[in-house]
Amino acid sequence: MPDVAGEVLTAILDESEAHIQETGQVPRPQVHILAEDMDEPFQYVGYITTRPFYRGTDAATAIADLGRLPSALAATRLFVVWEEDDLRLALEMPNRHPAHGLSVVDVRSDGHTVLWLPFEVAQDGADTVVTWGTPTRHENVKLHAPIEALIDTWRTPSEDLERTVLDLQGSGYQIKWSIAFKS
């Protein structure tokens, strides 16, 4: 039986690195959605990336609303992803981390695990090189308020799926369905 969560985590890291290398920017906050109560290959539903936002309250709302789609899908597990410096800047918070880092929160019904993945970016001629540092894991630690709000939104039964998708896409959120889910 394949380890879908492990495959999703590997894909998140690969895609994040590729995005940084191609654009020179960190990925926007995103949520990868799993329905572990489904049979393979349908467990990985896809992901949603936040809409464009202004710093401050608008950023917090945009991030919290990422929980609407997995709520409407009755998802069983989420991977919430953001770059720490970028999120702190968006939320107008002081930066306490000495290094860039990707935060990946594996959210389950019984708690969450934060995987902290520090990285450095350097130019090698025309190429952007991402070097990952030593990852650390943290169980059930306090999360930023908008991330907590996102999780609370996911855990609250929600509205109609079609209406939710249309509203989110109309607001600028990007939704990428897995091929298996679409077929």
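The following refers to the structure shown. (Residues numbered from 1 in each chain as written. Predicted model: local features only at pLDDT ≥ 70, side-chain atom pairs only at ≥ 80, totals over all residues. Heavy atoms only, no water.)

A look at the pattern of salt bridges
Consideration 1: Under the counting rule described, the total for this entry stands at eight salt bridges.
Consideration 2: Here R108 ties to D110 by a salt bridge, and the two come within 3.4 Å at their closest N and O atoms. (Salt bridge = Lys/Arg side-chain N within 4 Å of Asp/Glu carboxyl O.)

Here we look at the pairing of strand β4 (residues 100-108)
Consideration 1: A large share of β4 lies buried, amounting to seven of its nine residues.
Consideration 2: Looking at chain direction, β4 and strand β5 (residues 111-124) are connected through nine bridges and run antiparallel. By the bridge assignment, V104 is partnered in β5 with L115.
Consideration 3: Hairpin connection between β4 and β5: a loop of two residues separates the two successive antiparallel strands. (Buried < 20%, exposed > 50% of the residue type's maximum accessible area, 1.4 Å probe, protein only. Helix = DSSP H or I, 4+ residues; strand = E, 2+ residues; numbered from the N terminus. Pairing = 2+ DSSP bridges.)

Concerning helix α5 (residues 145-155)
An α-helical segment advances 3.6 residues per turn. Residues three or four places apart therefore align on the same side.
Consideration 1: Buried residues of α5: P146, I147, L150, I151 and W154, and no others. Along the axis of α5, the buried positions cluster into a sector of 145 degrees, meaning they face one direction only.
Consideration 2: Its buried side turned inward, α5 meets β1 (30-34), α2 (57-64), α3 (68-72), β3 (77-83) and β4. (Arc of directions from axis to C-beta. Contact = heavy atoms within 4.5 Å.)

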